[in-house]
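Architecture and fold: a report
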Amino acid sequence: MMKQTDLKQAIRNWWAEYPMTYGYEHGFATYTQEDGTIVKVEIGTREFFELADKTFYKWNQSRHNEKGYFGRIFDYEEYAGKPVLEVGCGMGCMAMNWANHGAQVTAVDLNPVAVAMTKRRFETFGLGGDIREADGEELPFKDNTFDYAYSWGVLHHSPNTKKSIAELYRVIKPGARAGVMLYHRHSLMYRFFTEYVDGFVNMESKFLSPLELASRYGDGDRREGNPHTWPVTKKEVIEDLFPQFCNVRIDVLGIEVEQIMDQWARNFGSKFPRALLNACIRRWGWSLWITGKK
């Protein structure tokens, strides 16, 4: 068993080598155009940010509205001029949206490449914010600092997700809210692909522990070496991860459900009745969007 400090360093190193670019190949800035051609750009350029954002926004189309990208889950107007924290900023796309809507943005990441790229993004687009390298399990902020804090698709990579969420609770003000997106263990993505196809059919569960299996096939497009990815269940959220919060709400998100069904039979998911497909997504989607109040 790897020591906690060694595991955290391995996580930091792996994501620095293979940052979340939303590219055709994980960790690299290659993108498929609408006409099917593949273009490669330099990470950190304006073109890179625009192409990465275009892909990320497309994946999350159902979360946008007239208020902006991710306007269905973020109330930008309420927090204009107020301090907002993102833990795990990646390439800085979400932090940029908050800055564009007038929030006082603080964005942190364990990965130094992510921090450097988010700083470059803010410089490129003429935005202001406090962007720094920091450990989500030990945030360098005083208690009751932020009006809102969130993390999107990051803390399931933390060796101690519970401690990271407790840190979010600590640094938000009394009455403030926090939002966290975590991968869902009771999802089609995990149950079908990870457990059944890779674990059972390909017999990898004979060689890999459940954590190793989830880490290898949870992120990174099956790239070797992802040190830690562990999806959670709704029960774990309520009983273990968010017990200190009140008004906890869990929404299941899953744009991938239709794509998975299409792999079972040609266009099966695409032809599935929309109401039934949405019901499947609400139960078996890959992402849990969890919100709670301090």
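This report concerns the structure included in the present document. From a predicted model like this one, the values you see are computed outputs, not experimental measurements.

Criteria and thresholds
Residues numbered from 1 in each chain as written. Predicted model: local features only at pLDDT ≥ 70, side-chain atom pairs only at ≥ 80, totals over all residues. Heavy atoms only, no water. Helix = DSSP H or I, 4+ residues; strand = E, 2+ residues; numbered from the N terminus. Rg over C-alpha atoms; globule rule 2.2 N^0.38 Å. Buried < 20%, exposed > 50% of the residue type's maximum accessible area, 1.4 Å probe, protein only. Contact = heavy atoms within 4.5 Å. Areas by Shrake-Rupley, 256 points an atom, 1.4 Å probe, with all protein chains shown as cover. Lys, Arg positive; Asp, Glu negative; His and termini not counted. Charge placed at Lys NZ, Arg CZ, Asp CG, Glu CD. Core = buried A, V, L, I, M, F, W, Y, C linked by side-chain atoms within 4.5 Å. Patch = residues over 30% accessible without salt bridge, like charges linked within 9 Å, V, L, I, M, F, W, Y side chains within 5 Å. Salt bridge = Lys/Arg side-chain N within 4 Å of Asp/Glu carboxyl O. Right-handed = clockwise from strand over helix to strand, strands pointing away.

Examining the overall build of the protein chain
When helices and strands are tallied, the protein chain shows eleven helices and nine strands. Its C-alpha atoms give the protein chain a radius of gyration of 19 Å, within 12% of the compact-globule value 19 Å for 294 residues. Its C-alpha atoms put the protein chain at 50 × 45 × 45 Å along the principal axes. The 294 residues of the protein chain split such that 49% are buried. Within the protein chain, counting contacts between residues at least 6 apart in sequence, those at least 24 apart form 66% of the total. Accessible area of the protein chain: about 14500 Å², with a carbon and sulfur share of 51%. Within the protein chain, the 38 negative side-chain charges are centred at a point lying 4 Å from the centre of the 37 positive side-chain charges.

Side note on the nonpolar core
In this structure, Phe-70, Phe-74, Trp-98, Trp-152 and Trp-289 are the most contacted members of the largest nonpolar core, which totals 43 residues. Residue assignment for this core shows that the elements contributing at least two residues are α2 (46-59), α3 (93-100), β4 (104-109), α4 (112-124), β6 (146-152) and β7 (172-183). Setting aside anything within four residues of it in sequence, one finds Trp-152 in contact with Phe-56, Asn-60, Arg-63, Phe-70, Ile-73, Met-94, Met-181, Leu-253 and Trp-289. Counting 25 residues, the second largest nonpolar core, distinct from the first, contains Phe-141, Val-237, Leu-288 and Ile-290.

Examining a nonpolar patch on the surface
Where nonpolar side chains cluster on the molecular surface, the patch consists of Tyr-196, Phe-200 and Val-201 and spans about 330 Å² of accessible area. Relative to the elements of secondary structure, Tyr-196 occurs in helix α6 (residues 188-201).

Points about the pairing of strand β3 (residues 83-87)
Burial of β3 is extensive: five of the five residues sit out of reach of the surface. Taking every second residue as pointing to the same face, both faces of β3 are buried, with Pro-83, Leu-85 and Val-87 on one and Val-84 and Glu-86 on the other. As for the winding sense of the linkage, the β-α-β connection from β3 through α3 to β4 is right-handed.

Quick word on the pattern of salt bridges
Pairing between side chains of opposite charge can happen when the charged atoms of each approach one another. On inspection of all chains with the given rule, the structure shows 16 salt bridges. When the shortest N-O distance is used, the salt bridge between Glu-34 and Lys-54 registers 3.6 Å. Of this pair, Glu-34 sits in the loop between β1 (30-32) and β2 (38-40) while Lys-54 sits in helix α2, placing them 20 residues apart in sequence. Look at Glu-34 and you get exposed, because its relative accessible area is 77%.

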